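Given next are the chains, with one letter for each unit.
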Amino acid sequence: METAKVSNLASDVQPRRRRLVITARAAASFDPQGRSVAAARAFVRDTLQGWGFADIVDDAAVLTSELVTNAVVHAGTRAEVLCLRAEGGVRVEVADRYPERELPLRHPGERPYADPDRESGRGLMLCAALATRWGVEYTATHKHVWFRLDLPDRPVGTRSAGPVVPDQFLPLADSRVRVAVLQIDAADTISAWNEDAEHIFGHPAEKALGRPLAEIAAWPQTPGTGTGVAEALRLSRWEGSYGIRGADGRVIPVYASHLRVRDAHGEPSIVCLLVHDDERALLQTPVRVPSSDGQHSEPRPTDPFEVFIGSPAPDDLDGLLQRTVERARDMLDADAAFLLLATDDETELEVRATTGLPSTRQRFARVPVEAGTSRYGSARLPAVHDDLAVVPGAVPLLESTGMRSVVTVPLKVEGRLTGSLGVAAEGPGRYTNEEALRLQFAADRIALAVESARLGELERLRRGSLSFLVEASDLLAGTLDRDQTLALMAQMTVPTLATWCAVYTIADQASDPYLAYVLHEDEERIDGLKALLSRVDPPEPVREAGARPWPATAAAVGGETVVLPLLARNRVIGMLTLGKPSEEHFRQEILELADDLSRRAALALDNARLYSERTAISRSLQRSLLPPGSPAIPGMEVEVIYRAAGEGNEVGGDFYDVFPIRDGAYGFAIGDVCGTGPEAAAVTGLARHALRLLAREGLGGPAVLERLNAAILDEGARSRFLTLLYGELHPQPGGGALMKVVCAGHPLPLRLRPDGEVTAAAEPQPLLGVIEDLDLYEQTMTLDPGDVLLCVTDGVTERREGSRMLGDDGLAEVLTTCTGLTAGAVASRVLRAVERFAAEPASDDMAILAFRVPQQREGS
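Here the structure is a predicted model, which means the values were calculated and not measured.

J.: Whenever I open this one, the overall build of the protein chain confuses me. Can you help?
T.: Along its length, the protein chain carries 21 helices and 34 strands. A buried classification covers 47% of the 860 residues belonging to the protein chain. In the protein chain, the share of contacts with a sequence separation of at least 24, taken over all contacts with a separation of at least 6, comes to 61%.

J.: I'm lost on the layout of surface pockets in this one. Help?
T.: Where empty space is left becomes clear once a probe the size of a water molecule has been rolled over the atoms. Empty space within the second largest pocket amounts to approximately 470 Å³. Together, 19 residues line the second largest pocket, and Arg 25, Trp 51, Arg 260, Val 261 and Arg 262 are the ones closest to its centre. Going through the elements one at a time, strand 1 (22-30), helix 2 (36-50) and strand 10 (251-262) are the ones with two or more residues in the lining of the second largest pocket. Per-element tally for the lining of the second largest pocket: the top contributor is strand 1, with six residues. Tallied by class, the residues present in the lining of the second largest pocket amount to eight nonpolar, five polar and six charged.

J.: Teacher, can you tell me more about the environment of Arg 804 here?
T.: Within the secondary structure, Arg 804 sits in strand 33 (residues 804-805). Residue Arg 804 is classed as partly exposed on the basis of its relative accessible area, which comes to 45%. Separated by 34 residues in sequence, Arg 804 and Ala 838 have C-alpha atoms that sit 9.3 Å apart. Apart from residues lying up to four places away in sequence, Arg 804 is in contact with Arg 799 and Phe 837.

J.: Which parts of the structure should I look at to understand the sheet that holds strand 21 (residues 560-568)?
T.: Think of a sheet as strands paired side by side through backbone hydrogen bonds, with each pair either parallel or antiparallel. Taken together, five strands build an open sheet; the order of strands is 19-18-22-21-20 and the sheet is antiparallel. Where the open sheet ends on each side, the last strands, each with one partner, are strand 19 (514-520) and strand 20 (548-549). Note that strand 21 and strand 22 (residues 571-580) share nine bridges and pair antiparallel. The partner of Pro 565 across the bridge, within strand 22, is Met 575. Those strands touched by helix 12 (residues 482-493) are strand 18 (500-505), strand 19, strand 21 and strand 22, and its axis lies near 40° from that of strand 19. On top of the sheet, helix 13 (residues 526-534) reaches strand 18 and strand 19; it is set at about 145° to strand 19, its chief contact.

J.: Which parts of the structure should I look at to understand the sheet that holds strand 8 (residues 217-218)?
T.: Taken in spatial order, the six strands line up as 7-6-11-10-9-8 in an open sheet, and their pairing is antiparallel. The sheet is open, and its two edges are formed by strand 7 (190-193) and strand 8, each paired on a single side. Bridging between strand 6 (residues 180-184) and strand 7 involves three bridges; their strand directions are antiparallel. The residue of strand 7 that forms the bridge with Ile 184 is Ile 190.

J.: Please clarify how helix 13 should be interpreted in this entry.
T.: Three- or four-residue spacings in an α-helix give side chains the same orientation, since the helix completes a turn every 3.6 residues. Among the residues making up helix 13, those that are buried are Ile 526, Leu 529 and Leu 533. Across the axial projection of helix 13, the buried residues extend over an arc of 65°, all falling on one side. Residues of helix 13 that are exposed and point over 90 degrees away from its buried face: Asp 527 and Ser 534.

J.: Hey, could you run me through the side chain of Gln 765 in this one?
T.: Examined against the element boundaries, Gln 765 turns out to sit in the loop between strand 29 (758-760) and strand 30 (779-783). Within the structure, the side chain of Gln 765 is placed 2.8 Å from the backbone oxygen of Tyr 777, a separation counted as a polar contact. For Gln 765, the residues in contact, after removing those within four places along its chain, are Val 742, Cys 743, Ala 744, Gly 745, Asp 775, Leu 776, Tyr 777 and Gln 779.

J.: Where do I start with the side chain of Arg 329 in this structure?
T.: Note on placement: Arg 329 falls in helix 10 (residues 317-331). You can call Arg 329 buried: its relative accessible area is 10%. Among residues more than four places away in sequence, those in contact with Arg 329 are Arg 280, Gln 284, Ala 334, Asp 335, Ala 336, Ala 337, Thr 355, Gly 356 and Val 423.

J.: Where do I start with the confidence of the model for the protein chain in this structure?
T.: Predicted coordinates in areas of low pLDDT are best not read in detail. In the predicted model, the protein chain carries a mean pLDDT of 81, and the fraction of residues at 70 or more is 84%. Considering only residues more than four positions removed or in separate chains, one finds that residues 1-18, a stretch of pLDDT under 50, has 20 contacts. Here residues 104-120 is a poorly scored stretch, pLDDT under 50, and it has 23 contacts once near neighbours within four places are set aside; other chains count.

J.: So what exactly am I meant to see when it comes to the packing of helix 19 (residues 807-816) against helix 20 (residues 823-837) here?
T.: For any two helices packed against each other, the geometry is given by the interaxial angle and the distance between the axes. For the pair helix 19 and helix 20, the least separation of the axes is 10 Å and the interaxial angle reads 135°. As summarised for this structure, helix 19 and helix 20 are arranged oblique, according to the angle between their axes. Like other packed secondary-structure pairs, helix 19 and helix 20 cross with a definite hand, here right-handed. Between helix 19 and helix 20, the contacting residues are Leu 811, Val 814 and Leu 815 on the first element and Val 826, Arg 829, Val 830 and Ala 833 on the second. Broken down by class, the residue content of the contact of helix 19 with helix 20 amounts to six nonpolar, no polar and one charged.

J.: Could you clarify how one ought to interpret the pattern of salt bridges in this entry?
T.: Once their charged atoms are close, side chains differing in charge can pair, the charge on each being opposite to the other. Scanning all chains against the criterion turns up 35 salt bridges. One network of salt bridges, with partners in common, ties together Arg 569, Asp 606, Arg 609 and Glu 613.

J.: I keep staring at the packing of aromatic side chains and nothing clicks. Help me out?
T.: We describe a pair of aromatic rings using the distance from one ring centre to the other and the angle between the two ring planes. Inspection of the entire model under this criterion finds seven aromatic pairs. Where Tyr 504 meets Trp 550, the ring centres are 6.2 Å apart and the plane angle is 85°; that geometry is what we call edge-to-face. Of the two residues, Tyr 504 sits in strand 18 while Trp 550 sits in the loop between strand 20 and helix 14 (553-556), which places them 46 residues apart along the sequence. For Tyr 504, a relative accessible area of 3% puts it in the buried group. Note that Arg 91 overlies the ring of Trp 146, its terminal NZ or CZ placed 4.2 Å from the centroid. A cation over a ring is seen here: Arg 804 above Phe 837, with NZ or CZ 4.4 Å from the ring centre.

J.: Got a minute to help me understand the pairing of strand 34 (residues 846-852) in this structure?
T.: Looking along a regular strand, one sees the side chains alternate between the two faces of the sheet. Among the seven residues that make up strand 34, seven are buried, leaving the element largely enclosed by the rest of the structure. Where burial is concerned, the two faces of strand 34 agree: the one with Met 846, Ile 848, Ala 850 and Arg 852 and the one with Ala 847, Leu 849 and Phe 851 are both buried. When strand 23 (residues 637-643) meets strand 34, the two strands line up antiparallel, connected through seven bridges. Residue pairing in the sheet places Ile 641 in a bridge with Ile 848 of strand 34.

Basis of the calculations
- Residues numbered from 1 in each chain as written.
- Predicted model: local features only at pLDDT ≥ 70, side-chain atom pairs only at ≥ 80, totals over all residues.
- Heavy atoms only, no water.
- Helix = DSSP H or I, 4+ residues; strand = E, 2+ residues; numbered from the N terminus.
- Buried < 20%, exposed > 50% of the residue type's maximum accessible area, 1.4 Å probe, protein only.
- Contact = heavy atoms within 4.5 Å.
- 1 Å grid on protein atoms, 1.4 Å probe; cavity = no way out; pocket = protein on both sides within 12 Å on 5 of 7 lines; lining within 4 Å.
- Points joined across faces, edges and corners; volume = space filled by probe spheres on them.
- Nonpolar A, V, L, I, M, F, W, Y, C, P; charged D, E, K, R; others polar.
- Pairing = 2+ DSSP bridges.
- Axes fitted to C-alpha atoms, helices over the stretch in contact; angles between N-to-C directions.
- Arc of directions from axis to C-beta.
- Polar contact = N/O pair within 3.5 Å; in protein donor to acceptor, adjacent residues only side chain to side chain.
- pLDDT = per-residue confidence, 0-100.
- Parallel < 35°, antiparallel > 145°, perpendicular 65-115°, else oblique.
- Left-handed = near helix turned anticlockwise from the far one by under 90°.
- Salt bridge = Lys/Arg side-chain N within 4 Å of Asp/Glu carboxyl O.
- Phe/Tyr/Trp six-rings, centres within 6.5 Å; stacked < 30°, edge-to-face > 60°.
- Lys NZ or Arg CZ within 6 Å of the ring centre and 35° of its normal.

Here is the structure:
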């Protein structure tokens, strides 16, 4: 049944010939939504343009538009478009997923497939009218409508030509015209580099091959707007101006034509033809004039904007402005053209697009709107200058460019100045009021579109700036390290805001600025830039916010440089210096963004400074609370392990001390102050120093602790209760040691015998810092050879994992495995057991103090 339908339908058109020899193909799929029609039309247009089928592009786009409309709008399914290139023509297939929706068949005597006044069926009517051949094929899942367009005969001769022009007005070129030919592979790296490219840019082929094009391309793009080099390389065809960084570092303006192709294996690549920008006539595509024969087109009103700009108009502001200056130059047969946009207050004009000038160095430079008292000094009125040599400085933008004649006209929207458009020529007296009126007419046509695109760009910049500042604030708030803050500050500005950056810091009001950090987008130039800046006097610290020029770097570094003060807590703590190469200028929006960033960075840098200072002071004070060192006790092994909880703490609420009292007698203590942090550390210092003083006065253990208790209570609101194990140790001549201990509310010391028996070595008594009258007593014991006395704080015994706690029994079990170990090995095994008991880091201070009497054979 399906075969019969195809045969009947095909009988109304020309019979199908032999199978096509396909030389290239391109396919795309489009969702069932309205905007897919325009996307499919653009896909076919770009594909055929890329294949060089400009003669049939319009017919193919019209037919594709109708057939895709049938698929995505009427059939409501995805549309799959396939373009096949063959000798002498192209075949385009549009498939949908609705084979049940059959096409109407035409029988003898019946009306045509469609009526021009009807919505449906027009695609078939157009196929019948425009296509060389066409047809429909059905499968179980798809319906394919195809058409073939043959290329018209191309007689030998001129395809496109311009008017006869006197020799003196022909485009200038070098004595030998050179065209650089590059090929860019699928990874956007250079895979071919001809001899002319080496001559123009200075890079030998072996240095250029394998490098990404983005490394040497100076793409005229503002962050957040326009088309970048990566996006341009994805397009089937692209043409326009940009720069290539030569081997000497200079940016060479070029005009380029990119064509995306595929090789025999289907691998895509881009062929790039490049010439000097002032030789663009060699590559620039002539403006296509719409066909006037009336075939396959419907008359429509002429849009003056499209006549001037061309259709379709560029979507982005940079593209629209560049197209505008190029068309203005061509319209008045000029050598150069430029367009400037007004600032919000209409006091200055910012250079945004130029063509035909020696370089793009003026981009984003600013000139005043009112430059003089006469009408020729105001950008608000049209002006014609017959010869700039007579009035030097009348148009600063054109100084040293060789231009003599110039005409400028304002761009206005609702009476408000939004910009200025000008064209210039190398010869004098080229323009009259007639040309000024023509240019003004064009400016009036494009002013609204330019203003709309500018507002769109500003909105995108605003959103991009907000996102940038939010991300910058998060990054800066995430560190309190001074060096890391300096690095982040520079990395956020390069290359987003500037080509290079230098950060100067000021330690105090009496100190000179110090070059603390330098960054360049080209890492190989960082050391050289740092050396250059080191030979230049640093910028003068100024308290006024905002960017200001720094001319001192012009000779040393080159390009435009601005300085922004780093203001924090009402003082200048440094300067942020940003630089651009000589061919670029900072735009106002970028400087405003840099000003916002400098304020945030200054506060982060000052916070890092304060944190570093306070950390250094804190650590110095904390180290003063630690014992200077444990004394060597004859006939005894002593080991201490201390861990303070909290980041940056060396001393917490737990403390220890071992010190000589007099000949043959040593004191030791291990305690725990309630809480952690600086407040607990203050009581720690009081307790440790008081114990030493009181013990050396000859007082016994109970008297020492009673006086310490009184001293803690005297602290009033700052007092903290304290658990403390205090003892005296007297080594014995024959081996062993006599120990006297007082355990005031502290975890009991444990004694380990050589046979593995573990027992408590003291009894619990009241803690310190709670009540005034204490009745403490001293307990005496003897440590024999091989015995170990282990003293810990509750950070060890109260180690938790969920509801489980190590406890006194768990500590005793660990200690039973330590027979025969040295004091150091015992302390280390206890610490490992505590750490492994729970996965989370310890949240409490820990102190471990181990004593051991060596056995006789160990000392022999």
